[in-house]
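# Summary of the model geometry
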Amino acid sequence: MTAIARTASASEDRWFDEGLYRSVTGLADHSPGWLDTAASLWSTYGLVLFGVLLLAAWWRARPVAGAPRSSARAVMALAAPLALVLAYVVGLALKSVMREQRPCQTLHTITIEACPPLGDWSLPSNHAAIAAAAAAALLCIDRALAVVALPAALLMAGSRVWVGAHYPHDVVLGLLVGAVVAWALMRLVRRTAPLAERLHDTPLRPLVVRR
């Protein structure tokens with residue numbers, strides 16, 4: 001009885017971007033099947049790309065042994081995955097506070113993907129937060145790779161609306177959470193990076209210097 005009452009109450013909520021959500025999911029419903037399949041695959045598996053980009057950033061950031069370059073960027077690259085984890089944790093904390101039902105639960109629109117169950121909160125989008133955290137970290141570490149990561153993060157956010165999992169404001173907040181968390185962590189790591197020079201004389205040397 002309580003669950004039914006909560007669902008009914010949630011269905012009466014109206015968000016400023018409800019019309020935009022309906023327009024996007026309506027467009028997805030009338031789009032070619034290959035486009036919807038591509039959007040669904042990207043929405044589900046696209047985060048793997050950001051992991052690959054972070055690995056590439058770490059590989060490229062390590063200076064060659066004996067070169068005058070600092071290991072600061074390599075240390076930041078090592079810390080970048082932590083930014084993704086923190087963005088996810090902050091997103092979960094906000095979800096538990098905001099407790100916003102998924103739009104596919106409250107609006108009952110036709111969506112590409114199956115609607116998550118009640119209690120799987122929508123605001124903010126964790127996919128968007130993780131993608132934005134990776135893009136922001138890469139912007140601090142490797143601008144060339146960030147050129148790929150930034151539009152990919154926006155595509156990830158858009159795909160979550162396209163498949164019907166989130167309102168537009170969910171993904172916007174997710175992008176902000178991820179970017180802020182990563183930016184703050186990268187600034188902190190940059191300040192402590194000189195301590196990493198001590199790794200040069202330890203078995204962990206390959207983490208920050210190339211042979």
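Above this note sits the structure.
An account of the accompanying structure is given in this report. In this convention, every chain numbers its residues from 1, walking through the sequence in written order. Reporting of local features is limited, given that this is a predicted model, to residues whose pLDDT is at least 70; pairs of side-chain atoms are given and counted only at 80 or more, and all residues count toward the totals for whole chains, interfaces and linings. Values shown for side chains rest on all heavy atoms present in the structure; no hydrogens or waters enter the calculation.

Helix axes are fitted only over the stretch in contact, all axes being lines through C-alpha atoms; the angle between N-to-C directions runs from 0 to 180 degrees. The secondary structure listing takes helices from DSSP runs of H or I that are at least 4 residues long and strands from runs of E that are at least 2 residues long, numbered from the N terminus. Relative to each other, helix H8 (residues 143–162) and helix H9 (residues 168–192) sit at 150 degrees, their axes nearing to 8 Å. In this view, H8 runs roughly antiparallel relative to H9, as classed from their interaxial angle. At the point where H8 passes H9, the crossing takes the right-handed sense. When H8 is examined against H9, the residues Ala153, Leu154, Ala157, Arg160 and Val161 are found in contact with a partner set consisting of Pro168, Val171 and Leu175. Its residues assigned to classes, the contact of H8 with H9 comprises seven nonpolar, no polar and one charged. Roughly parallel covers angles under 35 degrees, roughly antiparallel covers those over 145, roughly perpendicular covers 65 to 115, and oblique covers all other angles. Two helices cross in a left-handed way if the nearer one is turned anticlockwise from the farther one by less than a right angle. They cross in a right-handed way if the turn is clockwise. Here, residues are in contact when the closest pair of their heavy atoms is within 4.5 Å. Nonpolar residues are Ala, Val, Leu, Ile, Met, Phe, Trp, Tyr, Cys and Pro. Charged residues are Asp, Glu, Lys and Arg, and all others, Gly as well, are polar.

Let's shift gears to the nonpolar core. For soluble globular proteins, nonpolar side chains are generally found buried alongside one another. Counting 37 residues, the largest nonpolar core has Phe50, Leu138, Ile141 and Met186 as its most contacted members. Broken down by secondary-structure element, the contributors of at least two residues to this core are helix H4 (47–61), helix H5 (72–98), helix H7 (126–141), H8 and H9. If we ignore the near neighbours within four places in the chain, the residues touching isoleucine 141 are Ala57, Ala61, Arg73, Met76, Ala77, Ala80 and Met186. One finds Tyr21, Val24, Cys104 and Val171 within the second-largest nonpolar core, a separate group that totals 14 residues. Take the buried Ala, Val, Leu, Ile, Met, Phe, Trp, Tyr and Cys residues and link them wherever side-chain atoms come within 4.5 Å; each set so joined is a nonpolar core. We call a residue buried when its accessible area falls under 20% of the maximum for its residue type, exposed when it is over 50%, and partly exposed in between, using a 1.4 Å probe and counting protein chains only.

Let us look at the packing of aromatic side chains. Here a Phe, Tyr or Trp ring, Trp counted by its six-membered ring, pairs with any other such ring whose centre lies within 6.5 Å, and the pair is stacked when the planes are under 30 degrees apart, edge-to-face when over 60, and tilted otherwise. For the structure shown, the criterion picks out three aromatic pairs. A ring pair is formed by tyrosine 21 and tyrosine 167, whose centres lie 5.6 Å apart and whose planes are at 55 degrees; its orientation type is tilted. A residue pair is termed long-range when its members are at least 10 positions apart, and tyrosine 21 in helix H2 (residues 18–29) and tyrosine 167 in the loop between H8 and H9 qualify at 146 residues. The exposure class of tyrosine 21 is buried, given its relative accessible area of 0%. Relative accessible area serves as the criterion here: at 2%, tyrosine 167 is assigned to the buried category. With 6.0 Å between their ring centres and 70 degrees between their planes, tryptophan 58 and tryptophan 59 make a pair best called edge-to-face.

On to the state of the cysteines. Whenever a pair of cysteine sulfur atoms sits within 2.5 Å, that pair is classed as a disulfide. Applying the stated criterion to the full structure yields one disulfide. A disulfide bridge connects cysteine 104 with cysteine 115, and the sulfur atoms are separated by 2.1 Å. In this structure, the disulfide formed by cysteine 104 and cysteine 115 twists by about 80 degrees around the S-S bond and is classed as right-handed. You can see cysteine 104 sitting in helix H6 (residues 103–106) and its partner cysteine 115 sitting in the loop between H6 and H7, a full 11 residues away along the chain.

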